[in-house]
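These are the residues of each chain, in order.
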Amino acid sequence: MTPGRVERDEVAAVPPVVRVGAPTERRNPHSVDLDLMSTRDVLTVINEADRRVPAAVAAVLDEIADTVDLAVAALRDGHRVHYFGAGTSGRLGVLDAAELAPTFNSPRHWFCAHLAGGPEAMWRAVEDAEDDESGGAAEAADCVRPGDLVVGLAASGRTPYVLGALAASRAQGAGTVLLCANPEAEAAGSVDVFIGVDTGPEVVTGSTRMKAGTAQKLVLNTFSTAVMVRLGRVYSNLMIDMVATNAKLRGRMISILVEATGCAEEVCRVALQQADGDLKTALVTLVSGAEVPAARAALARASDQVRGALALLAS
């Protein structure tokens, strides 16, 4: 090879470069010279930046409410909710979906999380996975069905894997939502609901595991919890569909019955035992005075919703 000459194969091997102009990639003027600060001052700068996040989420509550209503309608009609994300955003989607079954006893197929790079990407970065637009589209085409709701998670609002999945999902007849930390995202007009949380530049430039990630965690917590409430898996503010998989949770079931009914602890223990450990059935028997078979029948007629069952037994 002639000195100074670049062969064509070497040029072709250079990976593509994209400079992202999203707010999450801009430099934060409040954290300049962060590396010269004392430990306490570093923590103060981070904490002060984090205070912005709840207010930013509050500004998009209408869009979150629209997303909740879409999800509730989809689930009631027998469809599913999908999360598609890459990196921190995708991992937060996996976490949210994983927590719903043990917390609310929701069917595991209700919420499906898809992470660019697959399960291995939970623990380490998978090279170029988030840039695979066709991979996201193929995964969505394979598992998303008409009537499902697909939530794309992308801090910058332009992750190719996520946008590919959203486009394919829309083509399948699914509802689409984009959650990001870029209110200026170009993809805003290509989804049914756009949630652009204005968290601004990160303390460490481009580190979207910080404010952008915190905002996504808050939005996902708010969204999925509200969905479970609307679907009757909460009574007042009590988890009545929880799965008691350890001693602490079995104790919590007794505490929930005591709180919800005002009955003595021993009465609640007996009711739970008579209901074969089913918290909702025990609750309905204690509040209504009905026997276990009648409580179960009322719950079945009321789509497993406690307040509906109580109304049937009172009529």
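Residues numbered from 1 in each chain as written. Predicted model: local features only at pLDDT ≥ 70, side-chain atom pairs only at ≥ 80, totals over all residues. Heavy atoms only, no water.

Caption draft 1: Structural detail: the environment of Cys268. By the secondary structure assignment, Cys268 is in helix H10 (residues 265–274). For the pair Cys268 and Ala298, spaced 30 residues apart in sequence, the C-alpha separation works out to 20 Å. Setting aside its immediate chain neighbours within four residues, Cys268 contacts Ile254, Leu257, Val258, Thr261, Cys263 and Leu286. (Helix = DSSP H or I, 4+ residues; strand = E, 2+ residues; numbered from the N terminus. Contact = heavy atoms within 4.5 Å.)

Caption draft 2: Fine view of the nonpolar core. Val81, Tyr83, Phe111, Val197, Phe223 and Val227 are the most contacted members of the largest nonpolar core, which totals 33 residues. Elements that contribute at least two residues to this core include exactly helix H3 (52–58), helix H4 (61–76), strand S1 (81–85), helix H5 (87–104), strand S3 (149–153), strand S4 (175–180), strand S5 (193–196) and helix H8 (211–230). No other element matches H8, which puts six residues into this core. Ignoring anything within four residues of it in the chain, the contact list for Phe223 reads Ile64, Thr67, Val68, Ala71, Val81, Tyr83 and Phe111. By size, the runner-up hydrophobic cluster in this structure holds 24 residues, among which are Leu238, Leu257, Val284 and Leu299. (Core = buried A, V, L, I, M, F, W, Y, C linked by side-chain atoms within 4.5 Å. Buried < 20%, exposed > 50% of the residue type's maximum accessible area, 1.4 Å probe, protein only.)

Caption draft 3: Representation of the sheet that holds S4 in the model. Taken in spatial order, the five strands make up an open sheet running S2-S1-S3-S4-S5, and their pairing is parallel. Both outer strands of the open sheet, strand S2 (111–115) and S5, are each paired with one neighbouring strand and no more. Taking each pair of neighbouring strands and ignoring which way they run, the sheet shows an average axis angle of 15°. Direction of pairing for S3 relative to S4: parallel, over a ladder of five bridges. Following the sheet pairing, Gly152 is matched in S4 by Leu178. This element, helix H6 (residues 133–143), spans S1 and S2 of the sheet and lies at about 170° to S1. Its contacts with the sheet place helix H7 (residues 160–172) against S1, S2, S3 and S4, and it is angled at close to 160° to S4. (Pairing = 2+ DSSP bridges. Axes fitted to C-alpha atoms, helices over the stretch in contact; angles between N-to-C directions.)

Caption draft 4: Local environment of the pairing of S5. Here S5 shows no split at all, with Val193 and Ile195 on one side and Phe194 and Gly196 on the other all buried. Relative to S5, S4 runs parallel, the two being bridged by four bridges. Across the sheet, Leu178 pairs through a bridge with Phe194, a residue of S5.

Caption draft 5: Region of interest: the packing of aromatic side chains. Per the stated rule, a full pass over the model turns up four aromatic pairs. An aromatic cluster is built from Tyr83, Phe111 and Phe223, whose rings are joined through pairwise contacts. (Phe/Tyr/Trp six-rings, centres within 6.5 Å; stacked < 30°, edge-to-face > 60°.)

Caption draft 6: Spatial organisation of the packing of helix H11 (residues 279–288) against helix H13 (residues 306–314). H13 packs onto H11 with a crossing angle of 35° between their chain directions and a minimal axis gap of 10 Å. Like other packed secondary-structure pairs, H11 and H13 cross with a definite hand, here right-handed. For the pair H11 and H13, the contacting residues are Lys280, Leu283, Val284, Val287 and Ser288 in the first and Val306, Ala309, Leu310 and Leu313 in the second. Residues belonging to the contact of H11 with H13 are distributed by class as follows: seven nonpolar, one polar and one charged. (Left-handed = near helix turned anticlockwise from the far one by under 90°. Nonpolar A, V, L, I, M, F, W, Y, C, P; charged D, E, K, R; others polar.)

Caption draft 7: Inspection of the pairing of S3 at higher detail. With five of five residues buried, S3 lies mostly within the body of the structure. Judged by which residues are buried, S3 turns out to be covered on both faces: Leu149, Val151 and Leu153 on one side and Val150 and Gly152 on the other are all buried. Handedness of the crossover joining S3 and S4 through H7 is recorded here as right-handed. (Right-handed = clockwise from strand over helix to strand, strands pointing away.)

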